[in-house]
Amino acid sequence: MIKAVIFDLDGTLVQTESLKARAYAEAIRRLGNPDTTDEQVLELYKEQIGQTREVVSKFLMEKLGVEDQCRRLLEKSYGNETWADEPWQVLTRMRIEAYEEMIADPQVLRDQQWPHTVALLRSARTAGCRTTLATSSLTQEAHGVLSALGLEDQFQKV
C-alpha cells in the first residue's frame with residue numbers, strides 16, 4: 001500500500017517552464033530585440049531546462065546576442081542597491097519581472113496545469129496518502145502557484 005507521494009511542481013503539476021521561456025522572450029524583446037519570438041526562445045530554453053538561472057541566462061544571451069544590451073543596464077539601480085553585477089543577472093532579473101507580471105493573473109497558471117497530475121494528487125489525498133511537494137522553485141513562488149491552482153491544502157509539506 002502506498003503511504004506517501006512526492007510531487008514536483010515545475011513540469012509536473014504545472015507547465016511553468018513554458019511560462020518561464022515566454023518570460024525570457026519578453027525580457028529579450030524589452031532589451032530591444034522586438035522580433036524575438038516565444039517559440040524561438042522556447043526551443044532554446046528546452047536545451048537548458050533544469051539548469052540554474054545563471055546557466056540559462058548566459059546561454060540565451062550568447063545564442064540571441066543580447067550581452068551588450070545587458071551590459072548597458074548594469075548601472076541601473078534600485079534605491080541603494082545595484083540592479084546587477086553581471087550581464088546575465090540583468091537578463092535574469094528582467095525575466096523574473098516579466099514572469100511575475102505574467103503569473104499575477106492566476107488564470108495563466110490554471111491554464112498551464114497538468115490536469116492528469118492534479119487529478120492524481122487529489123486521488124492520493126482522497127486515498128489517505130501523505131503528500132509532499134519537492135521543488136527547486138523558491139518557496140514563495142511555489143506557494144503562489146499552489147494558491148493559484150487551489151492546491152495549497154493538498155500538501156502536508158512543501
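Overview of the structure. (Residues numbered from 1 in each chain as written. Predicted model: local features only at pLDDT ≥ 70, side-chain atom pairs only at ≥ 80, totals over all residues. Heavy atoms only, no water.)

Description of the pairing of strand β4 (residues 130-134)
1) Next: Alternating residues of β4 divide into T131 and L133, all buried, and R130, T132 and A134, none buried.
2) Next: When strand β1 (residues 4-8) meets β4, the two strands line up parallel, connected through five bridges. Directly across from F7, in β4, lies its bridge partner L133. (Buried < 20%, exposed > 50% of the residue type's maximum accessible area, 1.4 Å probe, protein only. Helix = DSSP H or I, 4+ residues; strand = E, 2+ residues; numbered from the N terminus. Pairing = 2+ DSSP bridges.)

Description of helix α2 (residues 38-46)
Each α-helix turn comprises 3.6 residues. Residues three or four places apart therefore point the same way.
1) Next: Inspection of α2 places V41, L44 and Y45 among the buried residues, and these make up the whole buried set. Taken end-on, α2 shows its buried residues confined to a sector of 100°, consistent with a single buried face.
2) Next: In this structure, the buried side of α2 is in contact with α1 (16-30) and α3 (53-64). (Arc of directions from axis to C-beta. Contact = heavy atoms within 4.5 Å.)

As for α1
1) Next: Across its 15 residues, α1 extends 21 Å between first and last C-alpha, which sits within 8% of the 21 Å expected from 1.5 Å per residue.
2) Next: Of all the positions in α1, only T16, E17, L19, K20, A21, A23, Y24, A25, A27 and I28 are classed as buried.
3) Next: Elements that come into contact with the buried residues of α1 comprise α2, α3, α5 (87-103) and α6 (106-111).
4) Next: Following α1 by one or two positions, G32 has its phi on the positive side, about 115°. (Expected span 1.5 Å × (residues − 1).)

What about the packing of α2 against α3?
1) Next: Taken N-terminus to C-terminus, the directions of α2 and α3 make an angle of 130°; their axes are 10 Å apart at the nearest point. Here α2 lies oblique to α3, going by the angle between them. The handedness of the crossing between α2 and α3 is right-handed. On the side of α2, the interface is formed by Q40, V41, L44 and Y45, while α3 contributes V56, F59, L60, K63 and L64.
2) Next: Across the contact of α2 with α3, the residue classes break down as seven nonpolar, one polar and one charged. (Axes fitted to C-alpha atoms, helices over the stretch in contact; angles between N-to-C directions. Parallel < 35°, antiparallel > 145°, perpendicular 65-115°, else oblique. Left-handed = near helix turned anticlockwise from the far one by under 90°. Nonpolar A, V, L, I, M, F, W, Y, C, P; charged D, E, K, R; others polar.)

Don't take any of this as a statement about function, it's just geometry.
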